[in-house]
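In case you want the letters, here they are:
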Amino acid sequence: MYIGLDLGTSGLKGVLIDDAQGVLAEASAPLTVSRPHEGWSEQSPADWIAAAEAVMDALSSHGLSKVRAIGLSGQMHGATLLDAADEVLRPCILWNDTRSHEEAAELDGDPMFRRVTGNIVFPGFTAPKLVWVKRHEPRIWEKVARVLLPKDYLRLWLTGEHVAEMSDAAGTSWLDTGKRDWSDDCLSATGLMRDHMPRLVEGSEVSGKLRDALSSRWGLPKDVVIAGGGGDNAASGVGVGVVKAGDAFVSLGTSGVLFAANDGYQPAPETAVHTFCHALPNTWHQMGVILAATDALNWYAGLVGDSAANLTGALGDLKAPSKTLFLPYLGGERTPLNDAAIRGAFLGLEHATDRAAATRAVLEGVTFAIRDSRDALAATGTRIDRLLAVGGGSRSDYWLKAIATALDIPVHLPVAGDFGGAFGAARLALMAATGAGAEIATLPPIARTVDPDRALTGAFDAGHARYRAAQSAIRGLK
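Our subject in this report is the structure included herewith. What you see is a predicted model; the values in this text were computed from it and never measured.

Considering the side chain of glutamine 21
Its location among the elements puts glutamine 21 in the loop between strand S2 (11-17) and strand S3 (23-30). Its relative accessible area of 18% is what places glutamine 21 among the buried residues. Separated by 3.0 Å, the side chain of glutamine 21 and the backbone oxygen of isoleucine 440 make a polar contact. If we ignore the near neighbours within four places in the chain, the residues touching glutamine 21 are Phe423, Arg427, Leu430 and Ile440.

Examining the packing of aromatic side chains
Summed over all chains, the structure comprises 13 aromatic pairs. On the basis of an interplanar angle of 65 degrees and a centroid distance of 5.4 Å, the ring pair of phenylalanine 122 and phenylalanine 125 is categorised as edge-to-face. Chaining the aromatic ring pairs together yields one cluster made of Trp299, Tyr300, Phe326 and Phe346. The lysine or arginine in question, arginine 99, covers the ring of tryptophan 40, its NZ or CZ lying 3.5 Å from the ring centre.

Quick word on helix H13 (residues 355-379)
The terminal C-alpha atoms of H13 lie 36 Å apart, and with 25 residues this matches the ideal 36 Å at 1.5 Å per residue to within 8%. Among the 25 residues that make up H13, 19 are buried, leaving the element largely enclosed by the rest of the structure.

Overview of the state of the cysteines
Using the criterion set out here, one finds zero disulfides in the structure. Summary of cysteine pairing: cysteine 277 is not part of a disulfide, and the nearest cysteine sulfur, belonging to cysteine 186, is at 13 Å. Cysteine 277 gets classed as buried once you look at its relative accessible area, which sits at 0%.

Conventions used here
- Residues numbered from 1 in each chain as written.
- Predicted model: local features only at pLDDT ≥ 70, side-chain atom pairs only at ≥ 80, totals over all residues.
- Heavy atoms only, no water.
- Helix = DSSP H or I, 4+ residues; strand = E, 2+ residues; numbered from the N terminus.
- Buried < 20%, exposed > 50% of the residue type's maximum accessible area, 1.4 Å probe, protein only.
- Polar contact = N/O pair within 3.5 Å; in protein donor to acceptor, adjacent residues only side chain to side chain.
- Contact = heavy atoms within 4.5 Å.
- Phe/Tyr/Trp six-rings, centres within 6.5 Å; stacked < 30°, edge-to-face > 60°.
- Lys NZ or Arg CZ within 6 Å of the ring centre and 35° of its normal.
- Expected span 1.5 Å × (residues − 1).
- Disulfide = S-S within 2.5 Å.

Below, the structure is given as structure tokens:
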């Protein structure tokens, strides 16, 4: 048996799988976010431990005597600050905390960071958070002995070891993403040294062994190893089998992610594409990230007083985009704009714009934003030969048809099941324990495939061109 633990923002999930990768049990525990000031987002690491204990307690009811390894996945970018005795110095500053936007802009103004890390220094990344602490909480800063990412604090509790892995480390602005090693220059530029960082392993490697006290508590063998694991999207890539060049998935969740695996390092930070190490050796991945996918649809559903399922279920067959456009920038946009101030808009409203037409415009707007990410990835040389769809939005047939047509590629829908971060972490645990590699990260069975509507390809091309023109027109309106 193998366990995967995924430390999310709203909860911690665990899965137990057997050596055939069949899911034997699942458990979860909720987490809350503290927002003491505008733009702040924090969690107490003690709450992560309590959630992990609850999940492991639940899984242990199934009997864990055959477990050989545990893998970890988690929310990226969080700054967990420890003193020399490994005591937590302050609540963890999370990925969606924007207090360090000025510090991020300053770091990004140094060309070294993009050159070494392959990415823009975004406010959510870890390095600018530490610069903020240095400026605003000097007494805390003076005591910082180690900086850990959220899932790696769980690892410290499980093993007593300070260890990170490549995919999560790539989101700190301290990693030389091509060399897969900490950058002494980037660390120095933020007042830190390599001694402040955990040691690095690959996601499929052993990072340590489970402490005896925890083995005894849950009835696990004494030699259980902890895999390196992965950041949430990289672990999800392993879970859904997107681990080699040409394979990609689109995630239609609250936000939208277009994730593509690469067998080489090909950064292009000017596109606002994330270029990170994958959770497997000698593999990288790129992500285009849009901030509102189902979030935009749910916002619109609330506006018109109906459910998203009712609105999309009534649309029927795919239609050509109308004159009505929707730009889904409800809280700014990441790829390719890197613009926190831009806001959304309906344009081209006319008498013919009824509720169905406006619903189609919302789905098309998110679809065109995903196409922007596809184009940004393509500009770096990344190809997409096979695209899977996951997330709640993939339940809409109309949306899947629009995406297939706008991107001009078939969209494959996996059978029902959870192929997310916890499952990917369990797969990484299996790799660490057995020496297996990417070959076990197979694609899930496909329930069906949605093909592009070739008769509407030209219309969607024209709709995307109008979308881009509208995008340019509203930039600068604050």
